[in-house]
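Here is how the chains run, residue by residue.
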Amino acid sequence: MNATAPVRRLTVLYDAECSLCAFLRDWLLRQPQLVPLELVPAASEEARRRFPGLDHGATLDEITVVGDAGQVYLGPAAWVVTLWALREHRPLAHRLSTPSGALLAKGAVIAAAKWRGAQWHRGPRGGAQWGGRGYRRADGWAYHPDTGWTYTAPGCADGACAPR
């Protein structure tokens, strides 16, 4: 990665099964962009193909943005660089890139993470969705509180995957 390379395009990896993430994806797509944004579902086939060196389980937990020269931004820095790409929000990104602004950005990321976590605990009509035990996503990723994220390719749960 060339740290001095200009950023000409950013890829935002987002959790496609998170309603907040989907809302923000749609909002980002409506914004005038100074730097083009591509939005790709985190841990998807496309994300794994394009960015084989990333920890794709972690991209489901924390917003990750990848620059066209290989720059990787995580958490608050990812939010700041995403805002920096937007015409109407670049001044805010500059303010959030200061030491005091970084604290505000970190607080926003933590608040979003807590909201997301609460949504996993609450299912329809307030009932428990996964009860703190774990859950499996349709894309093959599963979470268990003791072991964290694991991936089993769809159709491979019984250990017999079709060759590609």
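About the criteria used
Residues numbered from 1 in each chain as written. Predicted model: local features only at pLDDT ≥ 70, side-chain atom pairs only at ≥ 80, totals over all residues. Heavy atoms only, no water. Helix = DSSP H or I, 4+ residues; strand = E, 2+ residues; numbered from the N terminus. Buried < 20%, exposed > 50% of the residue type's maximum accessible area, 1.4 Å probe, protein only. Contact = heavy atoms within 4.5 Å. Areas by Shrake-Rupley, 256 points an atom, 1.4 Å probe, with all protein chains shown as cover. Core = buried A, V, L, I, M, F, W, Y, C linked by side-chain atoms within 4.5 Å. Phe/Tyr/Trp six-rings, centres within 6.5 Å; stacked < 30°, edge-to-face > 60°. Lys NZ or Arg CZ within 6 Å of the ring centre and 35° of its normal. Salt bridge = Lys/Arg side-chain N within 4 Å of Asp/Glu carboxyl O.

So, on to the overall build of the protein chain. From N to C terminus, the protein chain includes six helices and seven strands. Listing every helix and strand of the protein chain by position from the N terminus yields β-α-β-α-α-β-β-α-α-α-β-β-β. In the protein chain, buried positions account for 36% of the 164 residues. Pairs at least 24 residues apart make up 56% of the contacts formed inside the protein chain by residues separated by at least 6 positions. Of the accessible surface of the protein chain, which amounts to about 9,600 Å², a share of 58% is contributed by carbon and sulfur atoms.

Here we take up the nonpolar core. In this structure, Leu-10, Val-12, Leu-37, Leu-39 and Val-65 are the most contacted members of the largest nonpolar core, which totals 20 residues. Of all the secondary structure elements, the ones that give two or more residues to this core are β1 (10–14), α1 (19–30), β2 (37–41), α4 (75–84) and α5 (90–96). Examining the composition of this core, we find that four residues originate from one element, α4, more than from any other. In contact with Leu-37, other than residues within four places in its own chain, are Leu-10, Val-12, Leu-28, Thr-82, Ala-85 and Leu-86. Counting nine residues, the second largest nonpolar core, distinct from the first, contains Ala-43, Ala-47, Phe-51 and Leu-54.

Attention now moves to unusual backbone geometry. The backbone phi angle of Ala-43 is positive, close to 65 degrees, even though this residue is not glycine. Inspection of the secondary structure puts Ala-43 in the loop between β2 and α2 (45–50). Here Ala-43 falls in the buried class, since its relative accessible area comes to 1%.

Moving on: the packing of aromatic side chains. In this structure the tally under the stated criterion is zero aromatic pairs. Here the basic side chain of Arg-90 rests over the ring of Trp-84, its NZ or CZ set 4.1 Å away from the ring centre.

Turning our attention to the pattern of salt bridges. Oppositely charged side chains can form a pair if their charged atoms are brought close together. All told, the structure shown has six salt bridges when counted by the stated rule. Arg-9 is the salt-bridge partner of Glu-38, the closest N and O atoms lying 3.9 Å from each other. Taken as a pair, Glu-38 in strand β2 and Arg-9 in the segment before β1 lie far apart in primary sequence, 29 residues in all. A salt bridge links Arg-48 to Glu-45; the nearest nitrogen and oxygen atoms lie 3.1 Å apart. Of this pair, Arg-48 and Glu-45 both sit in helix α2, three residues apart, which is roughly one turn of the helix. Ionic contacts of the salt-bridge type, sharing partners, join the residues Arg-9, Glu-38, Glu-46 and Arg-50 into one network.

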